[in-house]
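The residues making up each chain are set out below.
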Amino acid sequence: MSKTVSDEAFKGYVKKILPFSSVDGPGNRSIIFLQGCSFRCGYCHNPETIALGSAVTTGEIRLRTPDDVVQEVLKYKSFISGVTISGGECTLQPEFLLALVKALKKEAFHILIDTNGDFDQAYYERLRPWVDGFMLDVKSIDPEAHKKLAGEDNQKVIENLHRMAGDRTLYEVRTVIVPDWPDNTATVTSVSKVLAEKSPSTRYKLIRFRPHGVVGLYKALPMPKETEMENLKKIASDAGLSQVILV
Ligand code: SF4
């Protein structure tokens, strides 16, 4: 028998598979959450699963083959319009993710990658032919502010923003608005400018920080004021974006 993509021996850490979601890309989609993340955001809702391989012993995280994951998602195929692969940060397991998207594409799934953008051009070029688009988080435009927020700088994130916008592979960009964060206006202004120039029909989602469920650094912060959200939305709309969404 000839070797196929799904014969790959390696496994990946999978947090869970949500059969149906209507908020993670177009239409009704299955969401595959891979485990582990390269960032350490103060507002993360699942910091206990950031370290790759953590929580395996509790049964919450499972090591699975690409084929095993695809077989589970195939059960929902007639009810969904596609699959979104999320995290944590799904590109933290690069070879497993590649094998998974190849196996999903073999079954003709529409595939979106939900990412924090922390990967280089070489990996983007390997991943891009197998997926239908990206949903990119841009947390902060200023490298130091990003480091304070997420524990790492944002060089690769910003490179990916330009690259994906230029290639029109961006389905959506998201920024979580932490109340009165000094970089909010600069971030929304810069992201909007890039999208307006290169990919004006891409959705820009401004997400209200919500303290509920946050166990990290920012758990005591309030939600941002509506005036701040509306001001930021106006900046993005005035830049020429047709789809600016507050959530
Ligand atoms: S990028 Fe997402 S999963 Fe990773 S630490 Fe930040 S909020 Fe958590």
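Residues numbered from 1 in each chain as written. Predicted model: local features only at pLDDT ≥ 70, side-chain atom pairs only at ≥ 80, totals over all residues. Heavy atoms only, no water.

(A) The nonpolar core, seen in detail. One finds Ile32, Ile85 and Ile113 to be the most contacted residues of the largest nonpolar core, which totals 64 residues. When residues in this core are grouped by element, the largest group, seven residues, is from helix α2 (residues 94-106). Setting aside residues up to four positions removed in sequence, Ile85 forms contacts with Ile32, Leu34, Cys90, Leu97, Leu100, Val101, Leu104, Ile111, Leu112, Ile113 and Asp114. (Core = buried A, V, L, I, M, F, W, Y, C linked by side-chain atoms within 4.5 Å. Buried < 20%, exposed > 50% of the residue type's maximum accessible area, 1.4 Å probe, protein only. Helix = DSSP H or I, 4+ residues; strand = E, 2+ residues; numbered from the N terminus. Contact = heavy atoms within 4.5 Å.)

(B) Main features of the pairing of strand β5 (residues 111-115). Extensive coverage of β5 is indicated by the burial of five of its five residues. Burial of β5 is two-sided: the residues Ile111, Ile113 and Thr115 facing one way and the residues Leu112 and Asp114 facing the other way are all buried. Of the strand pairs in this sheet, strand β4 (residues 82-86) and β5 are connected by three bridges, and their pairing is parallel. Pairing of Thr84 across the sheet is with Leu112, part of β5. Where β5 lies against strand β6 (residues 133-137), four bridges are found, and the strand directions are parallel. Directly across from Ile113, in β6, lies its bridge partner Phe134. Remark: the β5/helix α3 (residues 121-127)/β6 crossover connection has right-handed handedness. (Pairing = 2+ DSSP bridges. Right-handed = clockwise from strand over helix to strand, strands pointing away.)

(C) Structural context of the site of the ligand. The local shell around the ligand consists of Cys37, Phe39, Cys41, Cys44, Ile50, Gly88, Asn116 and Lys139. Residues that form the shell around the ligand fall into these classes: five nonpolar, two polar and one charged. (Near = heavy atom within 4 Å. Nonpolar A, V, L, I, M, F, W, Y, C, P; charged D, E, K, R; others polar.)

(D) Fine view of the environment of Ser86. Tracing the backbone shows Ser86 in strand β4. A relative accessible area of 7% places Ser86 in the buried class. Sequence separation between Ser86 and Phe33 is 53 residues; the distance between their C-alpha atoms is 4.7 Å. Ignoring anything within four residues of it in the chain, the contact list for Ser86 reads Ile31, Ile32, Phe33, Leu34 and Asp114. Side chain to side chain, Ser86 and Asp114 meet in a polar contact 3.1 Å long. (Polar contact = N/O pair within 3.5 Å; in protein donor to acceptor, adjacent residues only side chain to side chain.)

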